[in-house]
Amino acid sequence: MRTGRTTAASLAIVVGGLLALIGVQPASAHSALTGSSPADGAVITEPLDRIDLTFSEAPLAGLDAGLRIQVTDADGTDVSTGEVTVSGMTMGKAVDLENGAYTVLWRYVSPDGHPIDGSYGFEYRAAVTTPSATTPATTVPTVPTSDPVTPTPTSTATATGASDGAPDSAPGIAPGVWVALGAGTVLAAGAVVVLLLRRTRRTS
C-alpha cells in the first residue's frame, strides 16, 4: 500500500511540474519591444515626422485595430496623425511635432493574441529656420548706343524760279518794238512841225 501511495504521489509531482512548465512557457515566449525611433530619453535635433516601434515578432495578423500609438505633448494633446502602419516587425505612425517634450503610449498584440503596452518619453529640439529677407532686383535702364536720328525735311525745288523772292518775268512787248514806236512818234511830230512852218510862210 505504501508503495502504491508513493508511486501516486510521485506521478502527481511530475504531472504538476509539467503543468507548471506548460503554464510558464507561453508567458515567457510573449513578444517584447526591442527598439524604437526615437529611443527612450533621446533628444532629437533633426526633423522628425514618424514614430517607429520594433518588436521581437510581427503583430498578430488581422488584429491591426488593436495596435495603438499615441504621442502627446506636455499639455496632453495627441500630435500623431493617420493610422498605425505595420511593416514586418515594426509598427509606426506619423507625427506633427514642435519643439518640446513628448510621451509615446503604445499597445501591441503578439502573434499568440496576447496584448502588451508601454510608454516612454523623448524631447524634440529641431532648429527653427528663419526665412532670409530677399533683396528686390534692381532694374537697370538700358542706355542707347547712339543718338536717335532725327529725320530732316527734304527741300522741294519750286518749278517757278530758283529763289522764293525773285518775281516771275511777266510777258510783254519786246524792247525793239518800243524803240521803233518812239522813233516813229518823233518823225511824225517832226513832219507836223514842218507842215505847220510851211503854211505859216505861205500865208505871210
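Everything below is about the structure shown above.
None of these values were measured; they are calculated from a predicted model.

S.K.: Give me the lowdown on the pairing of strand β6 (residues 90-95), citing residues and values where you can.
M.R.: Both strand β3 (residues 50-55) and β6 contribute to a ladder of five bridges, which runs antiparallel. Opposite Thr54, over in β6, you have Thr90 as the bridge partner. Sheet topology note: the strand β5 (residues 80-87)/β6 ladder contains five bridges and is antiparallel. Looking at the pairing, Val86 lines up with Met91 of β6. Connecting the antiparallel pair β5 and β6 is a turn made up of two residues, with Gly88 showing a positive phi of about 65°.

S.K.: Go over the sheet that holds strand β1 (residues 33-37) with me, naming the residues and quoting the values.
M.R.: Read across the open sheet, the four strands follow the order β1-β3-β6-β5; overall the sheet is antiparallel. Whereas interior strands pair on both sides, the edge strands pair on one side only; in this sheet they are β1 and β5. Adjacent strand axes in the sheet meet at a mean angle of 15°, parallel and antiparallel pairs treated alike.

S.K.: I'd love a proper account of the nonpolar core, names of residues and values included.
M.R.: One finds Ile51, Val71 and Phe122 to be the most contacted residues of the largest nonpolar core, which totals 23 residues. Among the elements that make up this core, the one with the highest residue count is strand β7 (residues 100-109) (five residues).

S.K.: Quick rundown of the side chain of Thr72? Include the residues and the values.
M.R.: Note on placement: Thr72 falls in strand β4 (residues 68-72). Judged by relative accessible area, Thr72 falls into the buried class, the value being 11%. Setting aside anything within four residues of it in sequence, one finds Thr72 in contact with Thr77, Asp78, Ala101, Tyr102 and Thr103.

Scoring rules and cut-offs
Residues numbered from 1 in each chain as written. Predicted model: local features only at pLDDT ≥ 70, side-chain atom pairs only at ≥ 80, totals over all residues. Heavy atoms only, no water. Pairing = 2+ DSSP bridges. Helix = DSSP H or I, 4+ residues; strand = E, 2+ residues; numbered from the N terminus. Axes fitted to C-alpha atoms, helices over the stretch in contact; angles between N-to-C directions. Core = buried A, V, L, I, M, F, W, Y, C linked by side-chain atoms within 4.5 Å. Buried < 20%, exposed > 50% of the residue type's maximum accessible area, 1.4 Å probe, protein only. Contact = heavy atoms within 4.5 Å.

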